Amino acid sequence: MKSVRRGYVDKDEELFAGAQRIKILSAANDARWLMNRGYSAESAITFSSNHYLLTSRQRMAIFRSILNDEDKATRQKKEILKPGSEVLVDGLNIIITLETALSHSLVLRGDDGVLRDVAGLHGTYRIIDKTEKAVELILQTLSCLGVRKATFILDKPVSNSGSLKQLILELSKNYNIDVDAELNMNPDLLFVDKENVISSDGPVLQRSFSWYNLNSMVIRRMIPDAWIFDFKYEE
C-alpha cells in the first residue's frame, strides 16, 4: 500500500513554528481572555485572529484547541483515570488522529490536554497504510488497561466506514477484549450522557458523562516522535 501522510500540509512547518507559533499562542491567549468575559468562542477567536493576521488553518487550530475556564473545569471534572470495564469509542475521530500522529503530521494539544488533528472529519475517509497500526495501538492500549468491552461507533455516511468496521473486527481477534463496531447515521448523539467515552471531539466530551484521554496515552507512550503543537497552559 502506498505511504500516505494523513493530515499533512506542507506549509504547516512554516505556519506553526518560530514567529508564527508565537502569534498563534498570543491570539489564543487573547481569545481566552475574551471568552472568559462572556464572548462566544467564534467572535473571540475571529477577533483575535484578525488582529494577528492568522491564516484559516491557524484559526482552525485555535478553534479546536482552546476553552474558557468554565468549560475547561467542567470537562476536566469528567475525565476519568481508568476507563472501566466497558468503553464507547468515537472510532473515526480517534483513528484519524492516530493516523495523523503516525504520519508525523501536525497534532494539537488543547487546553483539555486532549490531542487532536487540525482539520477533523469532513465526510470522506479512506484506509491508508497507517490505519491498521492506529487500530492496533488502540486495541493494545485498551487491553493493557484491562478493558472488558469496547464498542467502536463509526459514521455511516462517511465513505469506507464499512471497510474500517471490518478491519477493526478482524484485528480485534488478536486481543482478549470483546469488541463490537457499529455504523450509525448520527453517532454524536450516542455519546450524550454516556460513561467512559473515548473521543477527542470537544462537543462530544462536553456532553458525555465521563471520558478517557486515550489518544494522549497512546501518542505519549507509543508515538514519541509525534509532532505536537501545545496549546495547553498552566494558570
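Residues numbered from 1 in each chain as written. Predicted model: local features only at pLDDT ≥ 70, side-chain atom pairs only at ≥ 80, totals over all residues. Heavy atoms only, no water.

Trainee: Tell me about the packing of aromatic side chains, and please be specific about residues and values.
Mentor: Within this structure, the stated rule accounts for two aromatic pairs. Seen from their ring centres, phenylalanine 16 and phenylalanine 229 are 5.5 Å apart, and the 80° between their planes marks the pair as edge-to-face. Note that phenylalanine 16 is positioned in the loop between helix H1 (12-15) and helix H2 (18-35) and phenylalanine 229 in strand S7 (residues 227-230), a separation of 213 residues in sequence. By relative accessible area, which is 2% here, phenylalanine 16 ends up buried. On the accessibility criterion, phenylalanine 229 (3% relative accessible area) is buried. (Phe/Tyr/Trp six-rings, centres within 6.5 Å; stacked < 30°, edge-to-face > 60°. Helix = DSSP H or I, 4+ residues; strand = E, 2+ residues; numbered from the N terminus. Buried < 20%, exposed > 50% of the residue type's maximum accessible area, 1.4 Å probe, protein only.)

Trainee: Please set out the sheet that holds strand S2 (residues 106-109) residue by residue, giving values where relevant.
Mentor: Within the open sheet, the three strands sit side by side as S3-S2-S7. Their pairing is mixed. The strands lining the two open edges of the sheet, one partner per strand, are strand S3 (115-116) and S7. Where S2 meets S3, two bridges bridge the pair, whose relative direction is antiparallel. Residue pairing in the sheet places arginine 109 in a bridge with leucine 115 of S3. (Pairing = 2+ DSSP bridges.)

Trainee: I'd love a proper account of the nonpolar core, names of residues and values included.
Mentor: The tendency in soluble globular proteins is for nonpolar side chains to be buried as a group. Grouped together as the largest cluster of nonpolar side chains are 40 residues, with contacts concentrated most on Leu142 and Phe152. Those elements that place two or more of their residues in this core are strand S1 (86-90), helix H6 (91-102), helix H7 (131-144), strand S4 (149-155), helix H8 (161-172), strand S5 (178-184) and helix H10 (214-222). Residue contributions to this core peak at seven residues, all from H6. Core analysis: the next-biggest nonpolar cluster, separate from the first, contains 20 residues, Ala31, Ala44, Ile66 and Phe229 among them. (Core = buried A, V, L, I, M, F, W, Y, C linked by side-chain atoms within 4.5 Å.)

Trainee: How would you summarise the pattern of salt bridges if you had to cite specific residues and measurements?
Mentor: Inspection of every chain in the model, using the stated rule, returns nine salt bridges. The salt bridge partner of aspartate 129 is lysine 130, with a shortest N-O separation of 2.9 Å. On the accessibility criterion, lysine 130 (13% relative accessible area) is buried. In this structure, glutamate 170 engages lysine 173 in a salt bridge whose closest nitrogen and oxygen atoms are separated by 3.1 Å. (Salt bridge = Lys/Arg side-chain N within 4 Å of Asp/Glu carboxyl O.)

Trainee: I'd like a description of unusual backbone geometry, backed by residues and values.
Mentor: Trans is the common state for peptide bonds, and a negative phi is the common state for residues other than glycine. A positive phi is found at histidine 104, a non-glycine position, where the angle reads about 60°. Relative to the helices and strands, histidine 104 is located in the loop between H6 and S2. Despite not being glycine, asparagine 160 has its phi angle at roughly 70°, a positive value. In this fold, asparagine 160 is placed in the loop between S4 and H8. With relative accessibility at 38%, the residue asparagine 160 sits in the partly exposed group.

Trainee: Lay out the packing of H6 against H10 with the relevant residues and their values.
Mentor: At their nearest, the axes of H6 and H10 sit 10 Å apart, and the two run at 20° to each other. Classified by the angle between their axes, H6 and H10 sit roughly parallel to one another. As H6 packs across H10, the resulting crossing turns out to be right-handed. Between H6 and H10, the contacting residues are Ile94, Thr97, Leu98 and Ala101 on the first element and Asn215, Val218 and Ile219 on the second. Across the contact of H6 with H10, the residue classes break down as five nonpolar, two polar and no charged. (Axes fitted to C-alpha atoms, helices over the stretch in contact; angles between N-to-C directions. Parallel < 35°, antiparallel > 145°, perpendicular 65-115°, else oblique. Left-handed = near helix turned anticlockwise from the far one by under 90°. Contact = heavy atoms within 4.5 Å. Nonpolar A, V, L, I, M, F, W, Y, C, P; charged D, E, K, R; others polar.)

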